[in-house]
Amino acid sequence: MAGSIATRAAYGAALIELAETHPELVVLDADLAQAVTTCKFAEKYPDRHFDMGIAECNMTGIAAGLASCGKHPFTNTFAIFATGRAWEQVRNSIAYPGLPVTVVGSHGGLSVGEDGATHQCTEDLNNMRVISGMTVVVPCDGNETHLATEALLNLNSPSYLRLCRMAVDNVTDEIPGYKFELGKGFTMRDGGDATIIACGLMVQEALKAADILAAEGISARVIDMHTIKPLDEELVVKAAQETGVIVTTEEHSVIGGLGAAVCECLSLRCPTPVVRHGVEDCFGRSGAAKKVLAAYGLTAEVLADKVRYALTLKKG
């Protein structure tokens, strides 16, 4: 898969392909099928698509009912609504009984751009990670999104899939030996001086940051941690032991997301300096997606600075 594509678009295409061999797959929308790109699924499988209107809580409850009858529903809306407005229903109607529903939060993070702070959800990973039994996945590109969608469809338990609005470069299909597995991160690039653990579109920025640092003689390992929960603790600990310092990067608040999960792991298993790179304790603002990301420091250049700083904290 060459070029670039928004993960939401790759997801929409994956649903159509997977529906042919998975009759249990049904899709629910909250009046956003065009934006989430499930509209083509609706055209091809009208009897398996349900538009619930602007009623996210109701959509979530109906998905739970369908799941209890043998279906695997994928609910679709913006991340802010999926994990904010409908959080109680996700917790009590889906997660508490352990039903196989995949909650899809599209337009996550700051890259929603012009939609502004009310729609730029930088809290969703925290909100979903705290729910018992919830698998949380943030794919970085189109190829990984397709593989993640299939894996979650085959998962017989609650899950959350976070997608982004803007197109991102495809990188995973160009990495030799790349393999997607839920709960297992993948080392995109080896390195011995520091480790960058990234998710979502920050994986691409992490690879660019590693190139910047390599030109200075700094060898940075890059890990694609697409599954935030369950976290691949073995890979995290191995990286901490071998490189001595970790930098996490995510299009999410530095509170409660990937960085928090890594810190929680290492504080118990392998105390190591960790620098968290992401959105600080603040809301977003309206603007072109790339300009907003730059305004909040979610770039390869700022990430490289974080790694340089992290090296000063390295023990020994």
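Refer to the structure printed above.
About the cut-offs
Residues numbered from 1 in each chain as written. Predicted model: local features only at pLDDT ≥ 70, side-chain atom pairs only at ≥ 80, totals over all residues. Heavy atoms only, no water. Phe/Tyr/Trp six-rings, centres within 6.5 Å; stacked < 30°, edge-to-face > 60°. Helix = DSSP H or I, 4+ residues; strand = E, 2+ residues; numbered from the N terminus. Buried < 20%, exposed > 50% of the residue type's maximum accessible area, 1.4 Å probe, protein only. Salt bridge = Lys/Arg side-chain N within 4 Å of Asp/Glu carboxyl O.

Looking at this structure, I do not really get the packing of aromatic side chains. What am I missing?
By convention here, two paired aromatic rings are described through the distance between centres and the angle between planes. Per the counting criterion, the structure on display carries four aromatic pairs. Between Y11 and F74, the ring centres sit 6.3 Å apart and the planes meet at 35°, which makes this aromatic pair tilted. In this pair, Y11 sits in helix α1 (residues 7–19) while F74 sits in strand β4 (residues 72–78), placing the two residues 63 residues apart along the sequence. What makes Y11 buried here is its relative accessible area of 0%. Residue class for F74 comes out buried when judged on its relative accessible area of 0%. Each ring, one from Y178 and one from F186, has its centre 5.1 Å from the other, and the planes form 70°; the classification is edge-to-face. By relative accessible area, F186 is classed as buried at 14%.

In this structure, what is going on with the pattern of salt bridges? I would like to understand it.
In the structure shown here, the tally under the stated rule is 14 salt bridges. The closest approach of N and O atoms between E56 and R85, which form a salt bridge, is 2.9 Å. Placement of E56 in helix α4 (residues 56–67) and of R85 in helix α5 (residues 79–85) is noted, with a sequence separation of 29 residues between them. Judged by relative accessible area, which is 3%, E56 ranks as buried. The exposure class assigned to R85 is partly exposed, which follows from its relative accessible area of 42%. We note a salt bridge from R162 to D124, for which the minimum N-O separation is 2.9 Å. Here the residue R162 occupies a position in strand β7 (residues 159–162), and D124 occupies one in helix α7 (residues 124–129), the gap between them amounting to 38 residues. Judged by relative accessible area, R162 falls into the buried class, the value being 4%.

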